Every structure is written in C-alpha cells, then in structure tokens.
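A look at the structure
Chain by chain, the residues run as shown.
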Amino acid sequence: MLTRLSRLPLPRTLLLCAVPVLALLAVAAFAPLPFTIALPGSTADVLGEDKGRQVITISGAPVRETKGELRMTTIVATAPRTDVRLDDVAEAWFRTDRAVLPHDSVYPVGKTDREIEKRNLGQMRLSQQNAVDAALGYLGDSAEGARVTLHLADVGGPSAGLLFSLGIVDKLAGDGEGGDLTGGKVVAGTGTITPAGTVGAVGGVSLKTQAAARDGATVFLVPKAECDDARAARPEGLRLIPVTTLKDAVASLKALGDGARVPSC
C-alpha cells in the first residue's frame, strides 16, 4: 500500500530541520570536550638558582663561573579533570598563545591526578639522569671524578634534558677555549635527551618559544623534527637553531659565539 506524503511549506521544513541541529550545538556548547588547552609556561635558568637552590651542583671537579643564561622552557596545560567546553576551544583556536591538544596526548587515559603527577616526576628524574650521563659522556676524561646533582622544583616531564646537559657542559668546560657556551646571551631551548646524547622531540614548541622570548631569550635550540612547528609561531627576534644531538647543540653555540655560520630552522 502506498502512502502519499503531505508537502510542508519550505520555511516550515527548514525550521524543522534546524531544530535538531540547534539542539546538538546547544549540547556541544555546554558539554565537556576531550581536549586540553595549553599556553606558555615558566622558564628556568639551569645555570642559576631555583627557589634558593642551585639547579646544577657539581662536586669532585673544578667548576667555572658562567655568564649568560640557559633557560629550559615549559608549557602549562589545563588540569586533567578540567572541563574544556566549546567556547574555550573556539577562543583558543584564534589565539597564538594558546594550543588545543587532544586530552589523551597530554594525560594518560584512566589515571588519577596523583598517578599523573607521579609519572611526570618520574620522567623528570629519568631525564636528569640521562642528562648527566650524556654530558659526562660528551666531556670524557675531562669530567673524570665529577659528581652532578640536579634540582628543579615543581616541574615534571622529560623535556629539560638537553638544557640540563648543556648546563653541565658549560659549568665544567664552557666552550673549551675559556669562554661560555652562551656567549653571554640568554639562550633557551627544549628537547629530551638519551644517555648517548640524542635529542628528541617534545611537543608544545610553538608555545615554548613564546615563553623563551617573553623571558629575554634571543636564541632557541629546537629538536630538528619540530622546526616547522617552531617556525610557525616564531616570536620576532628569536633565532631558531635545530639540533639532533648534544654535540650538535654545543657546536652550534660555539659557532654562534665565534660569529661563524650556524644552522637555522
């Protein structure tokens, strides 16, 4: 049996179609979304102090007086249980000092806030040990007997590894010719590091360059794989230098101090 469909006037048909769409938008506007909002965080000079304590303490070997700064950089993300809504995401999309990240790319699934904090601090401790191993391995016999302790409060994750290693090298050997690795400049950067000295990507680089520029850096060391991200939002006056190993980073800083050619993102 066939049923004849009645024909509704066009305006009424459009209105009926719009109702479920508007309802979905209304729900989306107030429902939490699976995203995290990140923004530029603090920086810390690994050659200096953090909360009254030296970030790098070395015993058993002569330590140099250093000039300039080596600033590790961070990002700040909304807490794991924070509800991020459509208006938060929309605002962040149109700001260069914000980034919208999938929640699961920042925080592991199914973990409590305490478990996440413990994981991040564990990553920091491993990063510090890797940084010490990389720096002393790079320096070889010239660092024989050196014992290194690292301290940085309230920061988790592995992304300060490269800067810790550079700070150790600068305090023990400088540029190898009596000068500082920094050349007296404010140098910032980011990157994980392995005990063998390989630098790894970290994420959030475009926000970290903004934190670096805000705190006076004119040079930023970036893992080579993240050059595109760093370039996309490079602050005016900040020089981006790609690195793949600790050896690369030291060589580039030495060349920069000598006025020689330095690779660029």
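Cut-offs and rules
Residues numbered from 1 in each chain as written. Predicted model: local features only at pLDDT ≥ 70, side-chain atom pairs only at ≥ 80, totals over all residues. Heavy atoms only, no water. Helix = DSSP H or I, 4+ residues; strand = E, 2+ residues; numbered from the N terminus. Buried < 20%, exposed > 50% of the residue type's maximum accessible area, 1.4 Å probe, protein only. Areas by Shrake-Rupley, 256 points an atom, 1.4 Å probe, with all protein chains shown as cover. pLDDT = per-residue confidence, 0-100. Contact = heavy atoms within 4.5 Å. Disulfide = S-S within 2.5 Å.

A count of helical and extended segments in the chain gives eight helices and 12 strands. Out of the 265 residues in the chain, the part that is buried amounts to 40%. Accessible surface, the chain as shown: approximately 14,500 Å² in total, 56% of it carbon and sulfur.

Residue-level pLDDT values for the chain average 86, and 87% of them are 70 or greater. Within the model, pLDDT remains below 50 along residues 1–6, and this stretch shows zero contacts once partners closer than five positions in the same chain are excluded. In this model, residues 13–28 is a region of pLDDT below 50 whose contacts with residues beyond four sequence positions or in other chains number three contacts.

The next subject is the state of the cysteines. Under the defined criterion, the tally for this structure stands at one disulfide. Two residues share a disulfide in this structure: Cys227 and Cys265, whose sulfurs sit 2.0 Å from each other. Taking the torsion about the S-S bond as the criterion, the Cys227 to Cys265 disulfide, at about -60°, is left-handed. Placement of the pair is Cys227 in helix α7 (residues 227–232) and Cys265 in the segment after α8 (246–258), with a sequence separation of 38 residues.

When you line up the elements, Ser165 lands in helix α5 (residues 161–172). Accessibility expressed as a relative area gives 0% for Ser165, which makes it buried. Apart from the residues lying within four places of it in its own chain, the contact partners of Ser165 are Ala131, Ala134, Ala135, Ile193 and Leu246.

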